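Each chain, written out:
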Amino acid sequence: METAYRVAPELARGLLLGRVGSDWRGLAEAVDAKTINCDHARLTETRAKEIRAAGYPLLAYTVNHARARAGAVRLGASPRFSAMRRTRWRAQYDEDAARPVAVR
């Protein structure tokens, strides 16, 4: 990330974390991240509140089940990344719901 920032600072970057630790803000600022992307299963309510209060969009991965999706949304995260195919999401969620992007 730091190299990408030095080479192409004009490109928007998202900070990808498994677990969001107490150093998340420093890491995000170091690479001028525009979003925080994390594992939904390891996201705590406290960290989610901190991230949203700091003004960062919060994106969650790998959200493959309805219960996980509901939990991520409850924390204020956008459940955007999934290993499920788009057709399975269409069957599982109505068309007006925010659907994750299918990742293959």
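Residues numbered from 1 in each chain as written. Predicted model: local features only at pLDDT ≥ 70, side-chain atom pairs only at ≥ 80, totals over all residues. Heavy atoms only, no water.

Participant: An account of the pattern of salt bridges is requested, with residue identities and associated values reported.
Facilitator: On inspection of all chains with the given rule, the structure shows three salt bridges. For the salt bridge of Glu45 with Lys49, the shortest nitrogen-to-oxygen distance reads 3.4 Å. Of the two residues, Glu45 and Lys49 are both situated in helix α3 (residues 45-53); the distance of four residues between them amounts to about one turn of the helix. A residue is classified by how much of its surface remains accessible, and Glu45, at 43% relative accessible area, is partly exposed. A salt bridge links Glu50 to Arg47, with the nearest nitrogen and oxygen atoms 3.1 Å apart. In this pair, Glu50 and Arg47 are both assigned in helix α3, three residues apart and thus about one turn of the helix distant. A relative accessible area of 19% places Arg47 in the buried class. (Salt bridge = Lys/Arg side-chain N within 4 Å of Asp/Glu carboxyl O. Helix = DSSP H or I, 4+ residues; strand = E, 2+ residues; numbered from the N terminus. Buried < 20%, exposed > 50% of the residue type's maximum accessible area, 1.4 Å probe, protein only.)

Participant: Could you give an account of the packing of aromatic side chains, naming the residues involved and the relevant values?
Facilitator: In the structure shown here, the tally under the stated rule is one aromatic pair. For the ring pair Trp24 and Tyr56, a centre distance of 5.6 Å and an interplane angle of 85 degrees mean the geometry is edge-to-face. In this pair, Trp24 is assigned in helix α2 (residues 24-30) and Tyr56 in the loop between α3 and β3 (58-61), connecting sequence segments 32 residues apart. (Phe/Tyr/Trp six-rings, centres within 6.5 Å; stacked < 30°, edge-to-face > 60°.)

Participant: Now, about the pairing of strand β1 (residues 14-17): what can you tell me, with residues and values included?
Facilitator: The side-chain alternation of β1 yields one buried face, formed by Leu15 and Leu17, and one unburied face, formed by Gly14 and Leu16. In the sheet, β1 pairs with strand β2 (residues 35-39) via four bridges, with the strands oriented parallel. Looking at the pairing, Leu17 lines up with Cys38 of β2. (Pairing = 2+ DSSP bridges.)

Participant: Please give an account of the pairing of β3 that cites residues and values.
Facilitator: Bridge analysis of β2 against β3 gives four bridges, and the strand direction is parallel. Directly across from Asp39, in β3, lies its bridge partner Tyr61. Considered for its hand, the β-α-β crossover made up of β2, α3 and β3 is right-handed. (Right-handed = clockwise from strand over helix to strand, strands pointing away.)

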